[in-house]
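Below, each chain spelled out in residue letters.
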Amino acid sequence: MKKKVLATLLSASMVLSLAACGGSEETTTETNTEASTEAASVEAQTEEKAEVTAEEAPEAKYHFTFDEGVDEGIVAATRPENPLTEDEKAADPLVAGATYAIEEDDSLPLLYADGVVGNSLYVNGEYGYKLPIDSIGTDEYTISFWIDAERLATYGATLQVGRNMGATGDAEPYVTWLNFTQTEWGTNSAKIFPVAWNRNSETGAWPWVYATDDSIHGKKEWAMVTVVATGDIYQAADDGLDRVASKFYLNGELMWDCSNVDEAMYGGFATNILNGDGVEGYIGINYWDTIFKGFIDDLYIFDTALTDGQVKGLYELGDTSVTPVAPEGSESAEEETEAVANDNTGVEVTGTLLGSLACDSAFWTEFSDVVEVPEGESVTVNFKNYTDGLANWDNFLVVLQNVADGHSTDDNADYAEYAVLRADNFGWGAGYDNIATAECDWNWDTFTTDINGADVELTITNNGDTADVVAVVTTADGKTYNQSYTGIAVDGDLYYCLTLEKAALDIQ
């Protein structure tokens with residue numbers, strides 16, 4: 001899902017969505033020392049907790065029990081095997097930022113298993129489910145559900161809700177979403193789940209909250225995930241963007257409370273996630289990422305902020321001793337593997353290697369030297385690009401920044417990004433938001449194969465108040481592709497560096 005956004009946005013003015021295109025909107029944001037810092041900043045909130053008495057919750061706006069034959073309006077949701085073409089995206093603003101379309105298919109069954117409260121819904125990894133939800137008309141809400149995952153994928157959706165989620169977000173219709181997902185944003189790139197990662201393309205906010213313990217919960221075990229948006233709006237101190245104060249609960253216990261932590265950049269929720277036109281909701285599937293495999297039970301969406309006691313009351317309704325079994329005819333999910341589509345471990349390196357040939361480097365962890373691009377001049381760099389081939393965004397990125405050193409404000413207080421540009425024709429940053437063109441002639445059907453081992457000639461030009469980035473890419477079998485980002489807004493000094501995700505660069 002447009003992911004990666006976090007690490008970058010976080011390090012500058014604020015990155016995952018996570019972002020899309022030939023890749024995914026997922027985009028930025030994501031591994032960082034700030035995550036560890038922020039976890040420490042809320043540690044005091046979780047050290048001493050008063051005893052909470054369970055209370056009955058009010059009537060929910062939506063309550064999906066997933067008891068067989070009870071819930072109405074849920075329908076299987078599939079994705080065509082082939083990604084959307086650029087022509088298809090151009091023709092439909094609601095899927096302009098998506099990698100895949102999502103289609104309803106009422107010929108596919110709803111799959112059920114034992115749950116913590118009656119039955120649970122089983123997602124078999126081949127298709128997900130669309131929820132019959134609409135705008136709740138407020139930024140005060142609570143979302144709560146149970147999960148027992150057989151397989152989790154980084155940035156993959158378990159539950160994702162929002163507005164116009166497949167659109168680009170560059171203009172109306174604006175995008176909002178809240179995705180309960182796995183990330184690699186823990187300490188030393190540890191995998192963590194669940195992370196409530198969310199965005200609003202109109203305001204530029206990409207916040208996220210989680211349990212702050214660098215752990216995975218709800219895999220091969222039942223866990224109840226609850227988030228509360230209080231409706232109180234504040235401006236985050238680091239970037240000045242609107243946030244809705246929020247709380248994060250795990251198994252009925254308050255793990256994160258940023259309702260009074262205005263300085264918490266990651267904390268809070270973006271505004272208008274469930275408030276406005278174009279609201280949609282999916283279980284196990286989104287427009288970009290790996291389809292979930294596992295069990296979901298008792299999903300609530302309230303148009304009010306539950307109290308600690310009411311959240312605990314929901315938790316006490318569940319029986320976590322129940323062991324769900326996949327329905328007959330559904331293969332049990334295998335453990336998520338770390339295998340890659342492209343094996344580059346034996347490649348001969350002729351220049352300076354950035355990253356690892358195993359293509360296992362996490363986002364925003366490896367950087368080339370920072371190079372100045374003087375006004376009125378161009379700088380060219382040549383490198384071979386290697387990728388694990390598992391996602392379009394697992395390739396090189398170009399960072400345009402204002403200082404000669406540092407990759408975040410922690411490194412250099414004056415650091416700021418004009419733009420971060422991905423190989424799969426997506427980007428973010430203040431300069432990118434006002435870009436003149438972002439064009440490429442990639443064949444998206446063969447992209448992950450073509451880009452692996454390709455020679456890249458990258459030229460960065462400083463026009464004064466704008467910058468251009470042009471890549472001429474020659475594949476291993478001799479095909480040539482062209483990519484250009486032109487008219488990126490810059491203000492003053494211009495420097496660039498290369499970074500990557502799940503890729504390796506042999507810089508000549």
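Counting of residues starts from 1 at the beginning of each chain's written sequence and follows it residue by residue. With the structure being a predicted model, the display of local features is reserved for residues of pLDDT at least 70 and the display and counting of side-chain atom pairs for 80 or more, all residues being used for whole-chain, interface and lining totals. Water and hydrogen atoms were dropped before computing side-chain values, which therefore reflect all heavy atoms in the structure.

What follows deals with the overall build of the chain. When its secondary structure is counted, the chain shows 7 helices and 28 strands. Split into buried and exposed, the 508 residues of the chain put 59% on the buried side. Secondary structure counts use DSSP, requiring at least four H or I residues in a row for a helix and at least two E residues in a row for a strand, with both numbered from the N terminus. For each residue, the accessible area found with a 1.4 Å probe, counting protein chains only, is set against the maximum for its type, and the residue is called buried under 20%, exposed over 50%, and partly exposed in between.

As a further point, take unusual backbone geometry. Here Glu172 and Pro173 are connected by a cis peptide whose omega angle stands at 0°. Topologically, Pro173 is positioned in the loop between β8 (159-163) and β9 (176-183). Residue Pro194 is bonded to the preceding Phe193 through a cis peptide linkage, with omega at -5°. Mapping Pro194 onto the fold places it in strand β10 (residues 192-200). Even without being glycine, Phe66 reaches a positive phi, approximately 60°.

A side-chain nitrogen of Lys or Arg and a carboxyl oxygen of Asp or Glu constitute a salt bridge if their distance falls within 4 Å. Counted according to the given criterion, the structure contains 8 salt bridges. Residue Lys384 is joined to Asp455 by a salt bridge in which the shortest nitrogen-to-oxygen separation is 3.0 Å. Taken together, the residues Lys384 in strand β19 (residues 378-387) and Asp455 in strand β24 (residues 454-462) connect sequence positions 71 residues apart. Overall, Asp455 belongs to the partly exposed group, its relative accessible area being 36%. Salt-bridge contacts for Asp450 lead to Lys479; the nearest nitrogen and oxygen are separated by 2.8 Å. Taken together, the positions of Asp450 in helix α7 (residues 447-450) and Lys479 in the loop between β25 (466-474) and β26 (480-489) put the pair 29 residues apart, joining distant regions of the chain. Judged by relative accessible area, which is 4%, Asp450 ranks as buried. Take Lys479: its relative accessible area is 31%, and that puts it in the partly exposed class. Beyond isolated ion pairs, a larger network of salt bridges with shared partners links Asp450, Asp477 and Lys479.

Our next topic: the packing of aromatic side chains. Note on aromatic pairs: the rings of Phe, Tyr and Trp (six-membered ring only in Trp) are paired at centre separations within 6.5 Å, and the planes decide the class, stacked below 30 degrees, edge-to-face beyond 60, tilted for the rest. Per the counting criterion, the structure on display carries 29 aromatic pairs. Ring centres 5.1 Å apart and planes at 80° place the aromatic pair Phe145 and Phe180 in the edge-to-face group. Linking Phe145 in strand β7 (residues 140-151) with Phe180 in strand β9, this pair joins segments that are 35 residues apart in sequence. For the residue pair Phe145 and Phe180, the accessibility class agrees, reading buried in each case.

Following the sequence through the fold, Thr226 ends up in strand β12 (residues 223-235). By relative accessible area, which is 0% here, Thr226 ends up buried. Polar contact criterion, stated in full: a pair of N or O atoms within 3.5 Å, where within protein one must be able to donate a hydrogen and the other to accept it, and residues adjacent in sequence count only if both atoms are side-chain atoms. Within the structure, the side chain of Thr226 is placed 2.8 Å from the side chain of Ser144, a separation counted as a polar contact. Residue contacts are counted whenever heavy atoms from the two residues lie within 4.5 Å of one another. Setting aside residues up to four positions removed in sequence, Thr226 forms contacts with Thr142, Ile143, Ser144, Lys247, Phe248, Tyr249 and Val311.

This part covers the sheet that holds strand β23 (residues 437-440). Read from one edge of the open sheet, 7 strands run β17-β28-β19-β24-β25-β26-β23, paired in antiparallel fashion. Each end of this open sheet is capped by a strand with a single partner; those strands are β17 (352-355) and β23. If you compare each strand with its neighbour and ignore which way they point, the axes differ by 20° on average. At least two bridges found by DSSP between two strands is the condition for calling them paired. Here β19 runs beside β24; their pairing, made up of 8 bridges, is antiparallel. Directly across from Asn385, in β24, lies its bridge partner Ala454. Angles shown run from 0 to 180 degrees and are taken between the N-to-C directions of axes, each axis being a line fitted to C-alpha atoms and, for helices, limited to the stretch in contact.

Moving on, we get to the nonpolar core. Among buried residues, those of type Ala, Val, Leu, Ile, Met, Phe, Trp, Tyr and Cys that are joined through side-chain atoms within 4.5 Å constitute a nonpolar core. Counting residues in hydrophobic clusters, the biggest one holds 93 residues, and the most contacted among them are Ile143, Phe269, Leu274, Ile283 and Leu299. Examining the composition of this core, we find that 7 residues originate from one element, β12, more than from any other. Once residues within four sequence positions are removed from consideration, Ile143 is found in contact with Leu159, Val161, Leu178, Phe180, Val225, Thr226, Val227, Leu274, Leu299, Tyr300 and Ile301. By size, the runner-up hydrophobic cluster in this structure holds 36 residues, among which are Ala419, Leu458, Tyr485 and Ile507.

Moving on to the sheet that holds strand β22 (residues 427-428). Strand order across the open sheet formed by 5 strands is β18-β27-β20-β21-β22, with antiparallel pairing between neighbours. Sheet topology places β18 (371-372) and β22 at the edges, where each strand pairs with a single neighbour. Pairing analysis gives 5 bridges linking strand β20 (residues 396-401) to strand β21 (residues 417-422), with the strands arranged antiparallel. In the strand pairing of β21, Val399 is matched with Val420.

Scored by pLDDT, the chain has a mean of 87; 86% of the residues are at 70 or more. For every residue, the predictor reports its confidence as pLDDT, a number between 0 and 100. The low-confidence segment residues 1-47, where pLDDT is below 50, has 272 contacts with residues more than four positions distant or belonging to other chains. Across residues 332-338, confidence stays below pLDDT 50; counting only partners more than four residues off in sequence or on other chains, it has 18 contacts.

This part is about the pairing of strand β28 (residues 503-507). When you tally the buried positions in β28, you get 5 out of 5 residues, the bulk of the element. What you see with β28 is no split at all: Ala503, Leu505 and Ile507 on one side and Ala504 and Asp506 on the other are buried throughout. Where β17 and β28 come together, 4 bridges link them in antiparallel fashion. When the bridges of β28 are listed, Thr352 appears paired with Ile507. The sheet contact formed by β19 and β28 spans 5 bridges and is antiparallel. If you follow Tyr386 over to β28, its bridge partner there is Ala504.

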